[in-house]
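Take a look at the letters that make up each chain.
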Amino acid sequence: MKTKHLLLLLPLLFLSQVSFGQNHILKGRGFYIPGQPILYINAGLGYEYLIDQNMSLQLVFNYRGNDMRDTDGSANFKKEVVMDFRYYNVEIKPLSKALFAFAFASYSDEKNKQGGELDLTSTLVISKKITTEKAIGAGVGKNFKISKRFHVEVFGGPKIISREINTTSSDILSSFVSSTISTSYTFGIRGGINIACQF
């Protein structure tokens, strides 16, 4: 009987952690400009777990892009995964008003497809480019309280990027396809704004 009672209590303990512990934070953003078919889209979805009163781990998925090929432009889409470690200033309470510092690692994949009308006098046309980036960095941020459970976070900081670009080119007349790969290291900036809900 004791084992049965314990099994019945486990879901209640979990619910109490979700309801009263407030160790979970869902966050995201969404921005969309309609077009033919897509003028611009920028979206993100993340989950943050507080492992202590002033530390957390976070996983975020980002997606952005545009498709202007119907107007002789190009199509460009980028997918990104980011893992964060955050340290909050516990002297500022509640968490929805806190300052924080963070360190992160990210991986992204960006695809660019050529648009516009083909020039038949040209012997070489770039048809597709894939850019892969791996980055690490750090920064600072600030939460701004909206309500008891909701807040807006603003953050930014530098990053070091390892970039690989794979360009596929095709000859119009002979249908010959060639591929080149280039690698480089550079510096960049990571920044953003998310709406978050703590529960």
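1. Focus on the overall build of the chain
Stage number 1. Within the chain one finds one helix and eight strands.
Stage number 2. Walking the chain from its N terminus toward its C terminus, one meets helices and strands in the order α-β-β-β-β-β-β-β-β.
Stage number 3. Taking all 199 residues of the chain together, the buried fraction comes to 30%.
Stage number 4. Counting contacts in the chain only where the partners sit at least 6 residues apart, residues at least 24 apart contribute 59% of the total.

2. Structural notes on a nonpolar patch on the surface
Stage number 1. Among the surface-exposed residues, Leu 26, Tyr 47, Tyr 49, Ile 51, Leu 57, Leu 59, Phe 61, Val 81, Met 83, Phe 85 and Tyr 87 lie close enough to one another that they form a single nonpolar patch of about 950 Å² accessible area.
Stage number 2. Looking at the nonpolar patch, the elements with two or more residues in it are strand 2 (38-50), strand 3 (55-67) and strand 4 (75-88).
Stage number 3. Of the residues forming the nonpolar patch, the biggest block, four residues, is contributed by strand 4.
Stage number 4. For Met 83, a relative accessible area of 41% corresponds to the partly exposed category.

3. Considering the nonpolar core
Stage number 1. Counting twelve residues, the largest nonpolar core consists of Ile 25, Leu 50, Val 60, Val 82, Tyr 88, Leu 95, Ala 98, Phe 100, Phe 102, Phe 104, Phe 155 and Ala 196.
Stage number 2. Where this core is concerned, the elements lending two or more residues are strand 4 and strand 5 (99-113).
Stage number 3. Here this core takes three residues from strand 5, the largest share from any one element.

4. Digging into the packing of aromatic side chains
Geometrically, a pair of aromatic rings is defined through the distance of the ring centres and the angle of the planes.
Stage number 1. Across all of its chains, the model carries six aromatic pairs by this definition.
Stage number 2. Here Arg 86 stacks its cationic end above the ring of Phe 155, 6.0 Å away from the centre of that ring.
Stage number 3. One residue, Arg 190, lies across the ring of Phe 104, its end atom 4.7 Å from the ring centre.

5. Quick notes on the confidence of the model for the chain
Stage number 1. Scored by pLDDT, the chain has a mean of 84; 77% of the residues are at 70 or more.
Stage number 2. Low pLDDT, under 50, characterises residues 10-20; the stretch is placed with six contacts to residues that sit more than four places away or in other chains.

6. Quick word on the side chain of Lys 159
Stage number 1. Mapped onto the elements, Lys 159 comes out in strand 7 (residues 150-170).
Stage number 2. The contacts of Lys 159, once residues within four sequence positions are left out, are Phe 104, Ala 135, Ile 136, Gly 137, Thr 186, Phe 187, Gly 188, Ile 189 and Arg 190.

7. Here's the deal with the environment of Phe 31
Stage number 1. The residue Phe 31 is located in strand 1 (residues 24-34) in this model.
Stage number 2. For Phe 31, a relative accessible area of 48% translates into the label partly exposed.
Stage number 3. Taking the C-alpha atoms as reference, Phe 31 lies 5.7 Å from Ile 41; in sequence the two are ten residues apart.
Stage number 4. Setting aside chain neighbours within four positions, we find Phe 31 in contact with Tyr 40, Ile 41 and Asn 42.

8. Some words on a positive patch on the surface
Stage number 1. There is a patch of like positive charges on the surface, built from Lys 79, Lys 111, Lys 113 and Lys 128.
Stage number 2. Its place among the elements puts Lys 79 in strand 4.

Criteria and thresholds
Residues numbered from 1 in each chain as written. Predicted model: local features only at pLDDT ≥ 70, side-chain atom pairs only at ≥ 80, totals over all residues. Heavy atoms only, no water. Helix = DSSP H or I, 4+ residues; strand = E, 2+ residues; numbered from the N terminus. Buried < 20%, exposed > 50% of the residue type's maximum accessible area, 1.4 Å probe, protein only. Contact = heavy atoms within 4.5 Å. Patch = residues over 30% accessible without salt bridge, like charges linked within 9 Å, V, L, I, M, F, W, Y side chains within 5 Å. Areas by Shrake-Rupley, 256 points an atom, 1.4 Å probe, with all protein chains shown as cover. Salt bridge = Lys/Arg side-chain N within 4 Å of Asp/Glu carboxyl O. Core = buried A, V, L, I, M, F, W, Y, C linked by side-chain atoms within 4.5 Å. Phe/Tyr/Trp six-rings, centres within 6.5 Å; stacked < 30°, edge-to-face > 60°. Lys NZ or Arg CZ within 6 Å of the ring centre and 35° of its normal. pLDDT = per-residue confidence, 0-100. Lys, Arg positive; Asp, Glu negative; His and termini not counted. Charge placed at Lys NZ, Arg CZ, Asp CG, Glu CD.

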